[in-house]
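Fold and geometry: a report
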Amino acid sequence: MAQYTQLGLQDAASPLMEELLHFHDHALMIITLISAFVLYIILTMVTAKTTDKYILDSQEVEIIWTVLPAIILVLIALPSLRILYLLDEINDPHLTIKAMGHQWYWSYEYTDYEDLGFDSYMVPTQDLTPGQFRLLEADHRMVIPVESPIRVLVSAEDVLHSWAVPSLGVKMDAVPGRLNQVAFVASRPGVFFGQCSEICGANHSFMPIVVEAVPLEHFENWSSLMLEDA
Amino acid sequence: MSEAVEEKLKNYRTAPFDARFPNTNQTRNCFQNYLDFHRCNKALSGKDQDTAPCQWYQRVYKSLCPMSWVQKWDDQLEAGNFPGKI
């Protein structure tokens, strides 16, 4: 989950998010170094006692400060394009789940074998137990098997919503009448949080997404239990 | 039912990648399989053949389509005002 003073992205829980995270840190390091360097030059120039008389014909430094930025840009562009194409790889999912946005909750449907559907409402702040996260917990989590390619089809039953889980590197708009596909693999077991990412009315901030990745046998037990309860 | 179709149905996990719908928008994928299921049923039962191969389309549309959409379309079919051509 997100934390108050975090500097970077949340810990990755999927291979694609790992790539995005490393790229983000790589690009951020480059721009931080450039900004620090430029700041240093500005401060040096502003506080210098001498003035530079020679403002013409500096062929060498002109070449350096043209070629070096071009090289830096290539070093940013190449990993960026690699990730861009990685995101569009063809997937072979093991499981399809539908995430339907409503005002103001999500509902999940697992219909590959039986018809399993349930709603997922935020746990109100006064009902939280110690250790739970305010505005992030939900009464029913979307449980998935770990290390399995999952296809999530996102849609909405009323207005625009958006289904996002940052640690899985996933965000997809929920549009009424449209079925948007997003795929991912949870590389480790855990509980991953997200929040609705498209303004959808009064309780837009209070319809979180909770994904729980568990070993396959646990997932099968959970889905049998859910079907019995339904 | 042919062996190949039986094999495919037996090993069904979820709707496989369909090259006709390679992009993010899978709306048509869902609708097309729903149409194909009903067209397959109509065609095969019209010729007095076993409609078991049509189960493939049913499994795919059940995987892909939201339950509320399927319910609505089933109600429309029953009422005779389904917008698609079966």
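- If you look chain B up in an unreviewed UniProt entry, it shows as Cytochrome c oxidase subunit from Parambassis ranga.
- Per its UniProt entry, chain B bears the Function (unreviewed entry) comment "Component of the cytochrome c oxidase, the last enzyme in the mitochondrial electron transport chain which drives oxidative phosphorylation."

- Identification of chain A as Cytochrome c oxidase subunit 2 from Pseudambassis lala is taken from an unreviewed UniProt entry.
- Recorded in UniProt under Catalytic activity (unreviewed entry), the annotation for chain A is "4 Fe(II)-[cytochrome c] + O2 + 8 H(+)(in) = 4 Fe(III)-[cytochrome c] + 2 H2O + 4 H(+)(out)".
- Turning to chain A, the UniProt annotation filed under Sequence similarities (unreviewed entry) states: "Belongs to the cytochrome c oxidase subunit 2 family."

1. As for the pattern of salt bridges
- Tallied over the full model, the rule gives seven salt bridges over all chains.
- Close ionic contact of Lys98(A) with Glu109(A) constitutes a salt bridge, the shortest N to O distance being 3.9 Å. One end of the pair, Lys98(A), is in strand S1 (residues 95-102); the other, Glu109(A), is in strand S2 (residues 105-110), with eleven residues separating them in the sequence. For the pair Lys98(A) and Glu109(A), a shared accessibility class is recorded, and that class is buried.
- Of the charged contacts, one joins Arg20(B) and Asp18(B) as a salt bridge, the two residues approaching to 2.7 Å between their closest N and O atoms.
- By relative accessible area, Asp18(B) is classed as buried at 16%.

2. Brief notes about the UniProt feature "domain: Cytochrome oxidase subunit II copper A binding" (unreviewed entry) in chain A
- Under the UniProt annotation, the feature "domain: Cytochrome oxidase subunit II copper A binding" (unreviewed entry) is placed at residues 92-225 of chain A.
- Spanning residues 92-225 of chain A, this segment combines 7% helix with 43% strand, and its end C-alpha atoms are found 27 Å apart.

3. Describing the side chain of Gln32(B)
All names here are of chain B.
- Within the secondary structure, Gln 32 is located in helix H2 (residues 27-46).
- Judged by relative accessible area, which is 15%, Gln 32 ranks as buried.
- Setting aside anything within four residues of it in sequence, one finds Gln 32 in contact with Arg 20, Phe 21 and Arg 39.

4. Quick word on the layout of surface pockets
All names here are of chain A.
- Roughly 690 Å³ of volume is contained in the largest pocket.
- Along its surface, the largest pocket is lined by 31 residues, and Leu 87, Asp 88, Glu 89, Asn 91 and Ala 183 are the ones closest to its centre.
- Secondary structure elements with two or more residues in the lining of the largest pocket: helix H1 (15-47), helix H2 (59-87), strand S5 (149-156), strand S7 (170-174) and strand S8 (180-185).
- Counting residues per element, the lining of the largest pocket draws most heavily on S8, at five residues.
- Class assignment of the residues belonging to the lining of the largest pocket gives a composition of 18 nonpolar, eight polar and five charged.
- When its volume is computed, the second largest pocket comes out at roughly 560 Å³.
- Lining of the second largest pocket is provided by 16 residues; of these, Phe 37, Ile 41, Val 61, Ile 64 and Trp 65 occupy positions nearest its centre.
- Taken together, the elements giving at least two residues each to the lining of the second largest pocket come down to H1 and H2.

5. Concerning the sheet that holds S8(A)
- Read across the open sheet, the five strands follow the order S3-S2-S1-S5-S8 (chain A); overall the sheet is mixed. A strand with exactly one partner marks an edge of an open sheet, and here the two such strands are strand S3 (116-120) and S8 of chain A. Strand-to-strand twist of the sheet, defined as the mean angle between neighbouring strand axes without regard to direction, takes the value 25°.
- The pairing of S5(A) with S8(A) spans six bridges and is antiparallel. Of the residues in S8(A), the one forming a bridge with Val152(A) is Val182(A).
- Each of S1 and S5 of chain A touches helix H3 (residues 55-64) of chain B; the most contacted strand, S1(A), lies at about 45° to it.

What counts, and at which threshold
Residues numbered from 1 in each chain as written. Chains lettered and ligands numbered in written order. Predicted model: local features only at pLDDT ≥ 70, side-chain atom pairs only at ≥ 80, totals over all residues. Heavy atoms only, no water. UniProt positions renumbered as here; feature names shortened; annotations may be inferred. Salt bridge = Lys/Arg side-chain N within 4 Å of Asp/Glu carboxyl O. Helix = DSSP H or I, 4+ residues; strand = E, 2+ residues; numbered from the N terminus. Buried < 20%, exposed > 50% of the residue type's maximum accessible area, 1.4 Å probe, protein only. Contact = heavy atoms within 4.5 Å. 1 Å grid on protein atoms, 1.4 Å probe; cavity = no way out; pocket = protein on both sides within 12 Å on 5 of 7 lines; lining within 4 Å. Points joined across faces, edges and corners; volume = space filled by probe spheres on them. Nonpolar A, V, L, I, M, F, W, Y, C, P; charged D, E, K, R; others polar. Pairing = 2+ DSSP bridges. Axes fitted to C-alpha atoms, helices over the stretch in contact; angles between N-to-C directions.

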